[in-house]
Every structure is written in C-alpha cells, then in structure tokens.
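As a plain string of letters, each chain reads:
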Amino acid sequence: MKKALVAIAFGLTASVLATGASAQATLNSVKQKGFLTCGSNTGLAGFGLPDAQGGWTGLDVDLCRAVAAAIFDDPSKVRYIPLAAKDRFTALQSGEVDVLSRNSTMTMSRDTQLGLDFPAINYFDGQGFMVRKKLGVSSAKELNGASICTQQGTTTELNLADYFRANNMKYEVVAFATSDETFKAYDAGRCDAFTTDASGLYAERLRASAPDDHIVLPEIISKEPLGPAVRHGDNQWGDIIRWTHMAMLNAEELGVTKANVDQMKTSDNPEIKRLLGTEGKYGEAIGLTNDWAVRIVKHVGNYGESFEKNVGEGSKLKIKRGQNALWTKGGLQYGIPIR
C-alpha cells in the first residue's frame, strides 16, 4: 500500500511538472524563433487581408500584432500563414501556427473535441445572406428553392441546413473549398444567394463586380462568436492571448489610446496603473514584462481604435459597433478586470 501511495504521488508530481513544462512550450518556442506564427484568413477585407507588398491588415491581424507587441515590443514580428477554413484547425493542432486568428466560431464541439481552446471573443457576429437586388427578395424566408453558395467545413454550412429545415424550405447547396471560390461563384451567377457571417458579407460585397447590385438581407440566423484559438493544455499561452484582448478592451474603457498611453503612465487611477504596469506585476504573471499592455496600445491601439480602423464606420466596411460595443455602451465586449 505504501509503495502504491508513493507511486501515485510520484505520478501526480510528474503530471504537474509535465503540465507546467507544457504550459511554457509555445511562449518559449515563439521567443526562440523570434516571431509569432499566426494562422490568418486567405483574404477577407477588414479581418485579414494582404496587400501587394505582403503587408497584412485587419481586426484579426491586429490581434496577432498585439501579441507580438506584448512579447517583443515589435508588432512586425509576425509571420502570417493564410489558411482555408478546412485546413485551419489542422494547422493549429499540428503546430504549424502558434495561434489561429481567422474569424473562427467558438462552438462546443470545437472547444471540447478538437484539442483547442478559444481564449477570447474579439468579434460577435451572426450568419446572414446576400442576394442580387434583381432577385426581388427582401427576406431570407423568401429563399425557398434557391441555390445558395457556401464554404465547406464551416459552421456556415451547418447553420444553412438548420435554418432551411426549421422553416420547412428547400434549397440547393453549392459548396466550395475556399471563401474566394465561394464568392467568385456567387458573383458569376452560379447561385441565387451567398451566405456567411454578416461581417464577411459586407467585406465580400466590396469585391463584387457591381457592389451596388447586391443587398444583405435583414435576417441573422445564428450566433457566431468569433475569436482566436490555441492548442488545449498550454494554459500560459492561452492566458497571453486572452489578456492581450482584455488589455485592448480595458484600454478603450479607460480612455487609454495610442496617442496618450505614455502620458497615462503617470495617472493616479488604480485601474490604469495596473493596466500599464506602474502598479503590481500582472505582466510577469503571464510570462511577459510589466509594460506588456503599454506595448500593445502604443503599437496597435485599444480595441475601439482597431475596430474603427479595420471594420468600423470610418473604414470601407462601415460596420456599426452594435454587439461589439463596450458593455458600458450596450454591447457585449467586456474587459475582465486586471487586478
């Protein structure tokens, strides 16, 4: 019995040590490489889009830039790996990317069966439909018998089936492997409607041969909490991704911006002092320097600045904050306290 207890105790200790070691794995790997590998969209305006010079922009891109800023004090230390929807989770599971920041919906099966964690939701969305104005349709419930373009390997495809079954309607699915192929097929007239997240509809409409000929229907048929994903079990790395987003939210709520972050370091506000590292050791608690949030805001901005620049009403997409407003302004974005 004594030997058995010793063996159990040894096993538990070994397990704890292994867990502690694995919790450091991704951060150490990123530091050793000298850059963050970010799984990104193949090209979605406002979220993840490369330009002709290879520079990337977007709300999801900014999250990766913020993580690099927190670790290296340099948001450019990111390598972006464009991933189709069907390949994105495999790339993360295999270690090809350190973090997936590619408008991916958190669902129960993805969270519990794929060996992944979703540390934060950086965009609350919902699925909708786009059609040509000449179709004469003003509601998704008028799409009975329509052909609909969608992307394979996404929650979009599943939600589409649920919606039509729930409303006793028939449809023909026209599915493609990539978002680019899907939209091009719709734009070429191979289907009556195109469905994806509402944010994606506004982004893709910009690429249409005649953008003004298309309308987004009013129905939102699903909940799509979009956010970055990491491998399950690497708790410290998950913490870094989560608190990067929370730092950007808290900075917006507290009025800390790219323009005033240095000035704000002298603030007497206890919340600002904890956020900017002049009080406490919250950065060290996640394996970073205590000025980690200063680095994020100085290089990337707070959440509101990133939103407005990439997808907000000052951008080409002109999306209202809506659900993605701060909780203090009627939205769902809620920065967890740093204390």
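Keep in mind that what you see is a predicted model, and the values were worked out from it rather than measured. (Residues numbered from 1 in each chain as written. Predicted model: local features only at pLDDT ≥ 70, side-chain atom pairs only at ≥ 80, totals over all residues. Heavy atoms only, no water.)

Undergrad: I'd like to hear about the overall build of the protein, residue by residue, with values.
TA: The helix and strand tally for the protein stands at 13 helices and 13 strands. Compactness check: the protein gives a C-alpha radius of gyration of 22 Å against a globular reference of 20 Å for 339 residues, within 12% of the reference. With the C-alpha coordinates aligned to their principal axes, the bounding extent of the protein is approximately 70 × 60 × 40 Å. Considering the protein as a whole, with its 339 residues, one finds that 51% of them fall into the buried category. Taking all contacts inside the protein whose residues are at least 6 apart in sequence as the whole, residues at least 24 apart take part in 72%. Per element, the accessible surface of the protein, about 15,700 Å² overall, is 53% carbon and sulfur. (Helix = DSSP H or I, 4+ residues; strand = E, 2+ residues; numbered from the N terminus. Rg over C-alpha atoms; globule rule 2.2 N^0.38 Å. Buried < 20%, exposed > 50% of the residue type's maximum accessible area, 1.4 Å probe, protein only. Contact = heavy atoms within 4.5 Å. Areas by Shrake-Rupley, 256 points an atom, 1.4 Å probe, with all protein chains shown as cover.)

Undergrad: Now, about the nonpolar core: what can you tell me, with residues and values included?
TA: Within the largest apolar cluster, 53 residues are counted, with the highest numbers of intra-cluster contacts made by Trp237, Val256, Leu275 and Trp292. The element contributing the most residues to this core is helix 9 (residues 235-254), with 10 residues. Every residue in contact with Val256, bar those within four places of it in the chain, is listed here: Ala251, Val261, Met264, Ile272, Leu275, Leu276, Val297 and Asn302. Core analysis: the next-biggest nonpolar cluster, separate from the first, contains 14 residues, Phe129, Tyr163, Met169 and Ile221 among them. (Core = buried A, V, L, I, M, F, W, Y, C linked by side-chain atoms within 4.5 Å.)

Undergrad: Hey, could you go over the state of the cysteines for me, with residue numbers and the actual values?
TA: What the rule picks out here adds up to two disulfides. With its sulfur 2.0 Å from that of its partner, Cys38 forms a disulfide with Cys64. When the S-S torsion is 60 degrees, as for the bridge of Cys38 with Cys64, the disulfide is right-handed. Linking Cys38 in strand 1 (residues 36-40) with Cys64 in helix 3 (residues 59-72), this pair joins segments that are 26 residues apart in sequence. Using a relative accessible area of 2% as the deciding quantity, one classes Cys64 as buried. (Disulfide = S-S within 2.5 Å.)

Undergrad: Tell me about a nonpolar patch on the surface, and please be specific about residues and values.
TA: On the surface, a cluster of nonpolar side chains totalling about 300 Å² of accessible area is made up of Trp327, Tyr334 and Ile336. Mapped onto the fold, Ile336 is located in the segment after helix 13 (303-310). (Patch = residues over 30% accessible without salt bridge, like charges linked within 9 Å, V, L, I, M, F, W, Y side chains within 5 Å. Salt bridge = Lys/Arg side-chain N within 4 Å of Asp/Glu carboxyl O.)

Undergrad: Hey, could you go over unusual backbone geometry for me, with residue numbers and the actual values?
TA: Trans peptide bonds make up the majority, and among non-glycine residues the majority have a negative phi. Non-glycine residue Asp73 carries a positive phi angle of around 60 degrees. With respect to the secondary-structure elements, Asp73 resides in the loop between helix 3 and strand 4 (78-82). Judged by its relative accessible area of 37%, Asp73 falls in the partly exposed class. Phi angles above zero are rare outside glycine, and Lys318 is one such case at about 55 degrees.

Undergrad: Hey, could you go over the pattern of salt bridges for me, with residue numbers and the actual values?
TA: Side-chain pairing between opposite charges can occur once the charged atoms of the two side chains come close. A complete count under the given rule lists 15 salt bridges for this structure. Across the salt bridge formed by Lys265 and Asp262, the nearest N and O atoms sit 3.4 Å from each other. Judged by its relative accessible area of 34%, Lys265 is partly exposed. A cluster of three or more residues bridged by salt bridges with shared partners is formed by Asp180, Lys184, Glu204 and Arg207.

Undergrad: I'd like a description of the sheet that holds strand 9 (residues 146-151), backed by residues and values.
TA: Sheet architecture is open: five strands sit in the order 10-9-11-8-12, paired in mixed fashion. Single-partner strands in this sheet number two, and they are strand 10 (171-176) and strand 12 (214-216). Recorded for the sheet is a direction-independent mean angle of 30 degrees between the axes of neighbouring strands. Here helix 6 (residues 155-166) sits on the sheet and contacts strand 8 (127-132), strand 9, strand 10 and strand 11 (193-197); the angle it forms with strand 8, its principal contact strand, is near 80 degrees. (Pairing = 2+ DSSP bridges. Axes fitted to C-alpha atoms, helices over the stretch in contact; angles between N-to-C directions.)

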